[in-house]
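# Remarks on the overall topology
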Amino acid sequence: MDKPLKINNGYVLVYSPNHPSCDEGKYVYQHRLGMEQHLGRCLTTQEVVHHINEIKDDNRLCNLQLMLSREHSTLHAIQNCVKLPRHPVWKYFMKKPNT
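Now for a look at the structure at hand. These numbers come from a predicted model, not from an experiment.

Helix and strand content of the protein: two helices and five strands. Seen in sequence order, the protein has helices and strands lined up from the N terminus as β-β-β-α-β-β-α. The buried share of the protein, reckoned over its 99 residues, is 28%. Here the analysis covers contacts within the protein between residues at least 6 apart in sequence; of these, 28% occur between residues at least 24 apart. Accessible area for the protein stands at about 6,800 Å²; split by element, carbon and sulfur atoms hold 54% of it.

Structure representation (structure tokens):
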């Protein structure tokens with residue numbers, strides 16, 4: 001019997017005891033698993049999966065964007081300064097990942 005999904009700070013976690021990045025309870029973030037399945041590889045520790053619409057449990061692939069941690073930090077810093085979720089500067093960060 002599968003363990004149910006779990007929520008942590010709005011993010012959905014999936015029971016995956018054999019995943020190399022599972023937490024102590026054997027759970028992995030669903031958005032990271034989805035991106036890994038899409039790419040066909042595990043994510044590195046420097047890679048972040050960004051929720052484009054900022055809804056943490058919206059894990060549709062069309063809402064996920066692979067970024068480096070530093071890019072993700074920059075994106076959120078700009079968002080916090082501008083305070084407009086769809087400011088024109090976003091287009092420079094919202095490029096689709098090369099797959």
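Picking up where we left off.
Since the α-helix turns once every 3.6 residues, residues separated by three or four places project in the same direction. Among the residues of helix 1 (residues 30-39), His-31, Leu-33, Met-35 and Glu-36 are the ones counted as buried. Residues of helix 1 that are buried in the fold lie against strand 2 (11-15), strand 3 (27-29), strand 4 (47-51) and strand 5 (64-68). With its phi angle positive at about 80 degrees, Gly-40 sits one or two positions after the end of helix 1.

When you tally the buried positions in strand 4, you get five out of five residues, the bulk of the element. Residue alternation in strand 4 divides its side chains into two sets, Glu-47, Val-49 and His-51 and Val-48 and His-50, and both sets are buried. Summarising the sheet, strand 4 and strand 5 pair through five bridges and their orientation is antiparallel. Each bridged residue has a counterpart across the sheet, and for Val-48 the counterpart in strand 5 is Met-67.

So, on to the sheet that holds strand 1 (residues 6-8). Ordered by their spatial adjacency, three strands build an open sheet running 1-2-3, and the pairing between neighbours is antiparallel. Each having just a single partner strand, strand 1 and strand 3 make up the two edges of the open sheet. Each neighbouring strand pair of the sheet contributes to a mean axis angle of 40 degrees, computed without reference to strand direction. Bridge count between strand 2 and strand 3: three bridges; the pairing is antiparallel. Looking across to strand 3, one finds that Leu-13 is bridged to Tyr-29. Running at roughly 75 degrees to strand 3, helix 1 makes contact with strand 2 and strand 3 of the sheet.

Calculation rules
- Residues numbered from 1 in each chain as written.
- Predicted model: local features only at pLDDT ≥ 70, side-chain atom pairs only at ≥ 80, totals over all residues.
- Heavy atoms only, no water.
- Helix = DSSP H or I, 4+ residues; strand = E, 2+ residues; numbered from the N terminus.
- Buried < 20%, exposed > 50% of the residue type's maximum accessible area, 1.4 Å probe, protein only.
- Contact = heavy atoms within 4.5 Å.
- Areas by Shrake-Rupley, 256 points an atom, 1.4 Å probe, with all protein chains shown as cover.
- Pairing = 2+ DSSP bridges.
- Axes fitted to C-alpha atoms, helices over the stretch in contact; angles between N-to-C directions.

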